[in-house]
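# Residue-level structure breakdown
So the chains spell out like this:
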Amino acid sequence: MVHTDLPPSPWISRFAPLVRAPGPSDGHPRRALDVACGHGRHVRWLLEQGCHVTAVDRDAQALAVLPATHPHLTRLQADLENGPWPLPGQRFDVVVVTNYLWRPLLPTLVASVAPGGVLLYETFARGNETVGRPARVDFLLAPGELLRACEGLRVVAYEDGFLDAPARFVQRIAAVRELPHDPLAPPRYPL
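What comes next is a walk through the structure. Just so you know, these numbers come straight off a predicted model, no measurement behind them.

## Observations concerning the sheet that holds strand β6 (residues 154-163)
- Ordered by their spatial adjacency, 7 strands build an open sheet running β3-β2-β1-β4-β5-β7-β6, and the pairing between neighbours is mixed. Both outer strands of the open sheet, β3 (73-77) and β6, are each paired with one neighbouring strand and no more. Taken pair by pair, the neighbouring strands of this sheet meet at an average axis angle of 10 degrees, ignoring direction.
- Sheet strands touched by helix α2 (residues 41-48): β1 (31-35), β2 (52-57), β3 and β4 (92-98). Its angle to β4, the strand with the most contacts, is close to 150 degrees.

## Digging into the environment of arginine 103
- The residue arginine 103 is located in the loop between β4 and α4 (106-111) in this model.
- Between the C-alpha atoms of arginine 103 and leucine 146, which are 43 residues apart in sequence, the distance is 9.9 Å.
- Residues in contact with arginine 103, not counting those within four places in the same chain, are Val137, Asp138, Phe139, Leu140, Leu141, Ala142 and Glu145.

## Things to note about the environment of aspartate 34
- Among the structural elements, aspartate 34 can be located in strand β1.
- When the C-alpha positions of aspartate 34 and alanine 55 are compared, they lie 5.0 Å apart, and in sequence the two are 21 residues distant.
- Beyond its immediate stretch of four places on either side in the chain, aspartate 34 contacts His42, Val43, Thr54, Ala55, Val56 and Val96.
- For aspartate 34, the side chain forms a polar contact with the main-chain nitrogen of valine 43, separated by 3.4 Å.

## Topic: α2
- With respect to burial, α2 is a largely interior element, 6 of its 8 residues being buried.
- Here the buried face of α2 lies against α1 (10-14), β1, β2, β3 and β4.
- Residue glycine 50 follows α2 closely and has a positive phi angle near 90 degrees.

## Describing the pattern of salt bridges
- Per the stated rule, a full pass over the model turns up 5 salt bridges.
- Put simply, arginine 103 and glutamate 145 hold a salt bridge, and the shortest N to O gap is 2.5 Å. Of this pair, arginine 103 sits in the loop between β4 and α4 while glutamate 145 is found in helix α5 (residues 145-149), placing the two residues 42 residues apart along the sequence.
- Arginine 103 sits in the partly exposed class, given a relative accessible area of 27%.
- Close ionic contact of glutamate 178 with arginine 154 constitutes a salt bridge, the shortest N to O distance being 3.0 Å.

## Let's talk about unusual backbone geometry
- At the junction of arginine 133 and proline 134, the peptide bond is cis and its omega measures out at -5 degrees in the coordinates.
- One can find proline 134 in the loop between β5 (113-124) and α5.
- Looking along the chain, the bond that leaves alanine 165 and enters proline 166 is cis, with omega of -10 degrees.
- One can find proline 166 in the loop between β6 and β7 (168-176).

## Regarding the packing of aromatic side chains
- Per the stated rule, a full pass over the model turns up 2 aromatic pairs.
- Between tryptophan 11 and phenylalanine 15, the aromatic rings sit 4.7 Å apart at their centres with planes inclined by 55 degrees, giving tilted as the arrangement. Like tryptophan 11, the residue phenylalanine 15 is buried in the burial classification.
- Centre to centre, the rings of phenylalanine 162 and phenylalanine 169 are 4.9 Å apart; their planes meet at 55 degrees, and the pair counts as tilted.
- Taking NZ or CZ as reference, arginine 31 lies 4.4 Å from the ring centre of phenylalanine 92, over its face.

## Remarks on the pairing of β7
- A large share of β7 lies buried, amounting to 8 of its 9 residues.
- In this sheet, β7 lies alongside β5 in antiparallel orientation, the contact comprising 7 bridges. Pairing of tyrosine 121 across the sheet is with isoleucine 173, part of β7.
- Where β6 folds back onto β7 in an antiparallel hairpin, the turn is made up of 4 residues.

Reading the values: rules and limits
- Residues numbered from 1 in each chain as written.
- Predicted model: local features only at pLDDT ≥ 70, side-chain atom pairs only at ≥ 80, totals over all residues.
- Heavy atoms only, no water.
- Pairing = 2+ DSSP bridges.
- Helix = DSSP H or I, 4+ residues; strand = E, 2+ residues; numbered from the N terminus.
- Axes fitted to C-alpha atoms, helices over the stretch in contact; angles between N-to-C directions.
- Contact = heavy atoms within 4.5 Å.
- Polar contact = N/O pair within 3.5 Å; in protein donor to acceptor, adjacent residues only side chain to side chain.
- Buried < 20%, exposed > 50% of the residue type's maximum accessible area, 1.4 Å probe, protein only.
- Salt bridge = Lys/Arg side-chain N within 4 Å of Asp/Glu carboxyl O.
- Phe/Tyr/Trp six-rings, centres within 6.5 Å; stacked < 30°, edge-to-face > 60°.
- Lys NZ or Arg CZ within 6 Å of the ring centre and 35° of its normal.

Shown next as structure tokens:
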């Protein structure tokens, strides 16, 4: 199976209901950001969900396999590790990051979540060096690191552990930037 044919991560699709649907009051489609999108398995999926997607990657060839003329897709080539953040001040209803870690970018990613929006993040954790790649500690989250990075967001779900197929250690989080709400009618975040 080539990378472009992979389904979305089960973590990403599981917590997609946290992304607010367009409401009668605003009618605007939801804005999504896929960071280090690669060949775009989540980009395609987000487009199918009706989102307007900004796909960011440093690899021009990976971006080239994304739909060239889709009216709701913005492809953006940027080196996130050696250049400035290409979307200063922009906020998104959903920020998706999978299999990518650049620690200096974590505060920017959290800040990019719009009020009422969600961060869906899944990447490798310490322990992965015993089962495969990545194996360098620079690319592996320390225990609880993703939780600490998301302070200020409401964590709806968090996991830190081992998966069998394929064998890997991961951390993943689904966290929302809460809107003000009535304490007698708290928001219901679907699990």
